[in-house]
Amino acid sequence: MRIYVPATLDELEGAAVAAAGARWDVPARRAHAVTPALVRELPDEDDEGREYEAFLAAADDSLALVAARRTAVPLRVVVSVDVPDAEVAAPGEADEPSAVDVAALTAVAVVAVHVDEPEAAQDVRAVLAAADEENDAERTGDVAATSEAVLDAALQRVTDRDLLWYDPTEIPQIPRP
């Protein structure tokens, strides 16, 4: 099964890269794949369209990982890997039909890595700052539509960007801001 694992660039530093490819220790976390639930949700899409939807969901989850680790490079990262179906489980409750839970896996062959271009870091930082402002406003009870609008605009700029494709052998050369 092809899964799309949300990640941060610092997590890829441990990948074993060789001329023939790369192996990476997949951390235990929520990933995304073409699941039966996604097929039911998108019955008119072909496999490629469903894979793209799962990929986009992983990119969104990567943004959440960056937000949780403020020291992480502010770029979204999605690592595509193929694993046996038995290595993934449907989550108990998932708001995303593509969601799967993955236990930690050792030395999995990387199929591809997708990363925001370095210029996207500015937009990712804007999302993080806007989310912080909105959280502060919620804590003080001063929730204003402007903070939500700023966050929505920043999120739109990030999600409008395409992630760049990298061959697994290029992991050490992925540009950073």
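The preceding data block contains the structure.
Conventions adopted
Residues numbered from 1 in each chain as written. Predicted model: local features only at pLDDT ≥ 70, side-chain atom pairs only at ≥ 80, totals over all residues. Heavy atoms only, no water. Core = buried A, V, L, I, M, F, W, Y, C linked by side-chain atoms within 4.5 Å. Buried < 20%, exposed > 50% of the residue type's maximum accessible area, 1.4 Å probe, protein only. Helix = DSSP H or I, 4+ residues; strand = E, 2+ residues; numbered from the N terminus. Contact = heavy atoms within 4.5 Å. Expected span 1.5 Å × (residues − 1). Salt bridge = Lys/Arg side-chain N within 4 Å of Asp/Glu carboxyl O.

Novice: Help me get a handle on the nonpolar core, residues and values and all.
Specialist: With 30 residues, the main nonpolar core has Ile3, Trp24 and Val113 as its most contacted residues. Those elements giving two or more residues to this core turn out to be β1 (2-7), β3 (21-26), β4 (29-33), β5 (77-82), β7 (99-102) and β8 (105-115). Take this core: its biggest share by element is five residues, from β8. Excluding residues within four positions of it along the chain, tryptophan 24 makes contact with Val5, Ala7, Glu11, Leu12, Ala15, Val79, Leu105, Thr106, Ala107, Val108 and Val110. The next biggest cluster of nonpolar side chains, apart from the first, holds nine residues, and it includes Leu63, Val66, Leu128 and Ala154.

Novice: Explain helix α2 (residues 47-68) to me, and be specific about the residues and the numbers.
Specialist: Taking 1.5 Å of rise per residue, 22 residues should cover 32 Å, and α2 covers 32 Å from first to last C-alpha, within 8% of that figure. Here α2 has its buried residues at Gly49, Arg50, Ala54, Phe55, Ala57, Ala58, Ala59, Ser62, Leu63, Leu65 and Val66.

Novice: Can you tell me about the pattern of salt bridges, naming the residues and giving the values?
Specialist: Throughout the structure, instances matching the rule amount to ten salt bridges. Among the salt bridges present, the one from glutamate 11 reaches arginine 29, with a minimum N-O distance of 2.6 Å. Residue glutamate 11 is found in the loop between β1 and β2 (16-18), and its partner arginine 29 is found in strand β4; the two are separated by 18 residues along the sequence. Taken as a pair, glutamate 11 and arginine 29 share a single burial class, namely buried. Close ionic contact of arginine 161 with aspartate 123 constitutes a salt bridge, the shortest N to O distance being 2.9 Å. You can see arginine 161 sitting in the loop between α4 (145-159) and β9 (164-166) and its partner aspartate 123 sitting in helix α3 (residues 121-140), a full 38 residues away along the chain. Residue class for aspartate 123 comes out buried when judged on its relative accessible area of 9%.

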